[in-house]
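Chain and residue survey
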Amino acid sequence: MKKQTQAIHLAYKRPDAYNALSFPVYNAVAYEFPDAQMMSDAFCGRIDAPDYSRVENPTVTNFERRVEALTGAVHVTAVNSGMAAISNAILTLAAKGKNIVTSKHLFGNTFSLLAFTLHRFGVDARLVDLTNLDEVREAVDDKTCALFFEIITNPQMEVADIGGLAEITKSHHVPLVADTTTIPFTQFSAKDLGVDIEVVSSTKYVSGGATSLGGLIIDYGNFPRFTKTMAGESLFNFGAYMTPQVAFLQTIGLETLDARYRVQSSNALELAKRLEKLPQIKRVNYVGLEDNPYHELARKQFGKAAGAMVCIDLESQEACFSMLNKLKVIHRATNLFDNRTLAIHPASTIFGLFPPKARQDMDVLDTTIRLSVGLEDVDDLFEDIRQALEK
Ligand SMILES: *Cc1c(COP(=O)(O)O)cnc(C)c1O
């Protein structure tokens, strides 16, 4: 079956008692066993049967199996946010005295986790320019427990050369961990590009219109110790497993993911092209535009569509605030890949508590507005921005 058919039809290993077409929400904490031996077998992992919903639940397993089928992963773990996916994956790999090679161009909380939280536990973040492979090669050593990166950074829109990074990590036997939130995993194969562990905020594209928070740890099985520790230790000890209600919503989200992505990414490209013609906009930063420095690399890695995140630069922070305040259709809100178009000024919000110097180092500019383009008619979106920029 092709991916889209699998996303809709993939069956759970056991049929529902009533043959419900949508897999039911098993809102149960515990599961009864016919005898003590089977109970022991389930608890000790000798048979595959749920025993307690902090670590296994049929509705969540159904969601995980679909993501496994769509990505070719050996094991997928669904957790309750994108940050839970990142922190659980990293805590499974890290240990005192080790280092993580990464970049300053990261989602704000991820940066804080790697640079500040982990530092307290004796794990160092080595911040390098991931577009400079020589710099990366020099930073990786025998104490490196992971190379962590985002496929398209936000709001800088830097695209990583995944094959180049993978060559370095493979030669050092270091796991390559990618946050692939910005392009759906149905659109490209992170595994084929050399990623060992993929983390995703399923709050974004997968959830289906911002219905719920969620995260995915997609493991391609190249580091057996990671697979084993994740399933036998992290899942139990960190307690971040997804809830069945969320898995239900996100399974439905998965079914419409590609259809939504097609519309959102084509809306984003059309809007980016039209915005380039407005004199108040100094720069439109979107990898789908042919003159973007990362256009070719993005196309090679992720295919024709370049996602629904578009950044624009105005003259000043005041101009950004003024535009945001005049929007009538587009919502002033954070989040990405909602059905609605959203706009935010990252420097004063997501990165607002970082000192100005730290923001500067991260290339988060006071003049940038980030747009997450939704499913509306693109004419209305363009008109809204056009009128909001008028004096
Ligand atoms: C939103 C986001 C996260 C965090 O996800 P949550 O579900 O909000 O915890 C991590 N990485 C990227 C790239 C994101 O956009």
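Just so it is clear, the model here is predicted, and its values are computed rather than measured. (Residues numbered from 1 in each chain as written. Predicted model: local features only at pLDDT ≥ 70, side-chain atom pairs only at ≥ 80, totals over all residues. Heavy atoms only, no water.)

**Details of the site of the ligand**
Contacts to the ligand come from Ser81, Gly82, Met83, Ile86, Phe107, Asp179, Thr181, Ser201, Thr203, Lys204, Gly214 and Leu336. Between the ligand and the protein, one listed contact pairs a nitrogen atom with a side-chain N or O atom of Asp179 at 2.7 Å. Within the side chain of Ser201, an N or O atom sits 2.8 Å from an oxygen atom of the ligand. Compared with its free state, where it exposes 380 Å², the ligand has 90% of that area covered by protein. By residue number, the principal contributor to the shell around the ligand is helix H4 (residues 82-93), which donates three residues. The class makeup of the residues in the shell around the ligand is four nonpolar, six polar and two charged. (Near = heavy atom within 4 Å. Polar contact = N/O pair within 3.5 Å; in protein donor to acceptor, adjacent residues only side chain to side chain. Areas by Shrake-Rupley, 256 points an atom, 1.4 Å probe, with all protein chains shown as cover. Helix = DSSP H or I, 4+ residues; strand = E, 2+ residues; numbered from the N terminus. Nonpolar A, V, L, I, M, F, W, Y, C, P; charged D, E, K, R; others polar.)

**What to know about the sheet that holds strand E10 (residues 331-332)**
Spatially, the five strands line up as an open sheet ordered E8-E9-E12-E11-E10, and their pairing is mixed. Only two strands of the sheet have a single neighbouring strand rather than two, namely strand E8 (283-285) and E10. Judged from the three bridges that link them, E8 and strand E9 (residues 309-313) form a sheet pairing that is antiparallel. Across the sheet, the residue bridging to Asn285 is Cys311, located in E9. Contacts from helix H10 (residues 244-275) reach E8, E9 and strand E12 (368-372) within the one sheet, and its direction differs from that of E9 by about 10°. Sheet strands touched by helix H12 (residues 317-326): E9, E10, strand E11 (342-344) and E12. Its angle to E12, the strand with the most contacts, is close to 30°. (Pairing = 2+ DSSP bridges. Contact = heavy atoms within 4.5 Å. Axes fitted to C-alpha atoms, helices over the stretch in contact; angles between N-to-C directions.)

**Things to note about a negative patch on the surface**
Together, Glu276, Glu290, Asp291 and Glu296 make up a region of like negative charge exposed at the surface. Inspection of the secondary structure assignment puts Glu276 in the loop between H10 and E8. Glu276 sits in the partly exposed class, given a relative accessible area of 39%. (Patch = residues over 30% accessible without salt bridge, like charges linked within 9 Å, V, L, I, M, F, W, Y side chains within 5 Å. Salt bridge = Lys/Arg side-chain N within 4 Å of Asp/Glu carboxyl O. Lys, Arg positive; Asp, Glu negative; His and termini not counted. Charge placed at Lys NZ, Arg CZ, Asp CG, Glu CD. Buried < 20%, exposed > 50% of the residue type's maximum accessible area, 1.4 Å probe, protein only.)

**Notes on the domain arrangement of the protein chain**
Here the protein chain is described as being made up of domain 1 (3-251) and domain 2 (259-390). The gap between the C-alpha centroids of domain 1 and domain 2 is 27 Å. Opposite the 34 residues of domain 1 that make contact, domain 2 presents 31 residues. Approximately 2800 Å² of surface area, both sides summed, lies buried where domain 1 meets domain 2, with 66% of it carried by carbon and sulfur atoms. When residues of domain 1 are sorted by the area they lose upon contact with domain 2, Pro155, Met157 and Tyr205 head the list and together hold 25% of the total. For the pair domain 1 and domain 2, the interface holds eight residue pairs in polar contact (both at pLDDT 80 or more). Of all the elements in the fold, those that place two or more residues in the side of domain 1 that touches domain 2 are helix H5 (108-117) and helix H7 (162-172). Top contributing element to the side of domain 1 that touches domain 2 by residue count: H5, with three residues. In the side of domain 1 that touches domain 2, the residues fall into 17 nonpolar, 13 polar and four charged. (Domains from an automatic or database assignment. Buried area = accessible area lost by both parts, 1.4 Å probe.)

**Focus: the sheet that holds strand E6 (residues 197-201)**
Strand order in the open sheet made by the seven strands is E1-E7-E6-E5-E4-E2-E3, with mixed pairing throughout. Lying at the two open borders of the sheet, with one neighbouring strand each, are strand E1 (75-79) and strand E3 (124-127). Taking the axes of each pair of neighbouring strands and ignoring which way they run, one obtains an average angle of 20° across the sheet. Where strand E5 (residues 176-179) lies against E6, three bridges are found, and the strand directions are parallel. Pairing of Val177 across the sheet is with Ile197, part of E6.

**Considerations on the packing of aromatic side chains**
Working definition: an aromatic ring pair is given by the centre-to-centre distance plus the angle between the planes. As enumerated under the stated definition, the model contains seven aromatic pairs in all. Taking 5.3 Å as the distance between ring centres and 80° as the angle between the ring planes, the aromatic pair formed by Tyr205 and Tyr261 counts as edge-to-face. In this pair, Tyr205 sits in the loop between E6 and strand E7 (215-219) while Tyr261 sits in helix H10, placing the two residues 56 residues apart along the sequence. Taken as a pair, Tyr205 and Tyr261 share a single burial class, namely buried. One aromatic cluster is present, built from ring pairs that chain together Phe111, Phe116, Phe351 and Phe354. (Phe/Tyr/Trp six-rings, centres within 6.5 Å; stacked < 30°, edge-to-face > 60°.)

**Quick notes on the environment of Leu127**
As for its position among the elements, Leu127 is in strand E3. What makes Leu127 partly exposed here is its relative accessible area of 34%. Taking the C-alpha atoms as reference points, Leu127 and Lys391, 264 residues apart in sequence, are found 41 Å from one another.

**Remarks on the nonpolar core**
The nonpolar side chains of a soluble globular protein tend to be buried with one another. Core analysis: the biggest nonpolar cluster contains 85 residues, and Phe149 and Leu275 have the highest contact counts within it. Among the elements that line this core, the one with the most residues is H10, at nine residues. A domain split of this core shows at least three residues from each of domain 1 (3-251) and domain 2 (259-390). Not counting the four nearest positions on each side in its chain, Phe149 is found in contact with Leu130, Ala160, Ile162, Leu165, Leu176, Val177, Ala178, Asp179 and Val195. Core analysis: the second largest hydrophobic core is formed by 31 residues, Leu93, Cys145, Ile197 and Ala347 among them. (Core = buried A, V, L, I, M, F, W, Y, C linked by side-chain atoms within 4.5 Å.)

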